[in-house]
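In case you want the letters, here they are:
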Amino acid sequence: MKTSILCNSTPKFLFSLILICFVLLLKTNTVYSQTQTEANKEPLHVISDKMIAQKDASMVEFIGNVKATRLDSIVFADSIKIYFVDNDKDSSAQSNVKKIVSIGNVRYTAGERKAFADKAVYTTHDEMLVLTGKSPKLITGSSFVTGKKITLFRNQDKVVVESDGTKKVEAFFNPEDNITDKQ
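Residues numbered from 1 in each chain as written. Predicted model: local features only at pLDDT ≥ 70, side-chain atom pairs only at ≥ 80, totals over all residues. Heavy atoms only, no water.

## As for the overall build of the chain
Inference 1: On a plain count of helices and strands, the chain comes out with two helices and 13 strands.
Inference 2: Every one of the 183 residues in the chain was classed for burial, and the buried ones make up 41%.
Inference 3: By sequence separation, contacts in the chain at least 24 residues apart represent 45% of the contacts at least 6 residues apart.
Inference 4: Of the roughly 10400 Å² that the chain leaves accessible, carbon and sulfur atoms contribute 54%. (Helix = DSSP H or I, 4+ residues; strand = E, 2+ residues; numbered from the N terminus. Buried < 20%, exposed > 50% of the residue type's maximum accessible area, 1.4 Å probe, protein only. Contact = heavy atoms within 4.5 Å. Areas by Shrake-Rupley, 256 points an atom, 1.4 Å probe, with all protein chains shown as cover.)

This is how it looks when you write it as structure tokens:
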């Protein structure tokens, strides 16, 4: 049996949606699936048509058919910018990566977990991932959540899904996916 939940203004539905989204997103936040310490030790492999490095800006941009791979996670985008922490400030930060910005046709996959957005911004200091665009979406199996902006606060085990006022937040939870059993 499939169940569809369309968010409305009642607190009970809102609480249910947040709970479902949280469970769903626990599975999808594997964009950076390991703890920061474990992920730091794993290589990040990036392939693109073009690369531009700016030393003074502490940034490297990959442009055109970008594919970034770390462990079992793959991100595809038109452009990915990787910002680094200045060496004299905090060398213990996540492999010196401060922020990763993926723009244009952003697709993420790791097993059954998928995310789609026009733009994805991940900041390492607060472990926050923000998905934006026309209709960012997180999917596990056939279950999903979508809205205008999806923010995952990994440090707080919290997710916020926002609408733009014209289109409501939507979540679909399929019990057949057994999301809570797939830990």
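Additional details are given in the paragraphs that follow.
## Considering unusual backbone geometry
Inference 1: The backbone of Asn 65 shows a phi angle near 50°, a positive value even though the residue is not glycine.
Inference 2: Among the structural elements, Asn 65 can be located in strand β4 (residues 59-70).
Inference 3: Take Asn 65: its relative accessible area is 61%, and that puts it in the exposed class.
Inference 4: Backbone geometry places Glu 127, a non-glycine residue, at a positive phi of 50°.
Inference 5: If you trace the backbone, Glu 127 turns up in the loop between β7 (113-123) and β8 (128-132).

## Digging into the nonpolar core
Inference 1: Counting residues in each nonpolar core, the largest one holds 27 residues, and the members touching the most others are Ile 80, Leu 131, Leu 138 and Ile 150.
Inference 2: Apart from the residues lying within four places of it in its own chain, the contact partners of Ile 80 are Val 60, Glu 61, Phe 62, Val 66, Ala 68, Val 75, Ile 100, Val 101 and Ser 102. (Core = buried A, V, L, I, M, F, W, Y, C linked by side-chain atoms within 4.5 Å.)

## Some details on the side chain of Thr 124
Inference 1: As for its placement among the helices and strands, Thr 124 is situated in the loop between β7 and β8.
Inference 2: Within the local environment of Thr 124, its side chain forms a polar contact with the backbone oxygen of Val 97, the two atoms lying 2.8 Å apart. (Polar contact = N/O pair within 3.5 Å; in protein donor to acceptor, adjacent residues only side chain to side chain.)

## Section: the pairing of strand β6 (residues 97-110)
Inference 1: Two elements, strand β5 (residues 73-84) and β6, share nine bridges in a ladder whose sense is antiparallel. Following the sheet pairing, Tyr 83 is matched in β6 by Lys 99.
Inference 2: The antiparallel pairing of β6 with β7 creates a hairpin that spans two residues between the two strands, and Gly 111 there sits at a positive phi of about 65°. (Pairing = 2+ DSSP bridges.)

## Notes on the packing of aromatic side chains
Inference 1: Considering all chains together, one arrives at one aromatic pair under this definition.
Inference 2: Over the ring of Tyr 83 we find Lys 99, and its NZ or CZ is 5.0 Å from the ring centre.
Inference 3: One residue, Arg 107, lies across the ring of Phe 76, its end atom 4.4 Å from the ring centre. (Phe/Tyr/Trp six-rings, centres within 6.5 Å; stacked < 30°, edge-to-face > 60°. Lys NZ or Arg CZ within 6 Å of the ring centre and 35° of its normal.)

## Regarding the environment of Thr 69
Inference 1: Tracing the backbone shows Thr 69 in strand β4.
Inference 2: C-alpha of Thr 69 to C-alpha of Pro 43: the two residues are 26 residues apart in sequence and 8.3 Å apart in space.
Inference 3: Beyond its immediate stretch of four places on either side in the chain, Thr 69 contacts Pro 43, Leu 44, His 45 and Ile 74.

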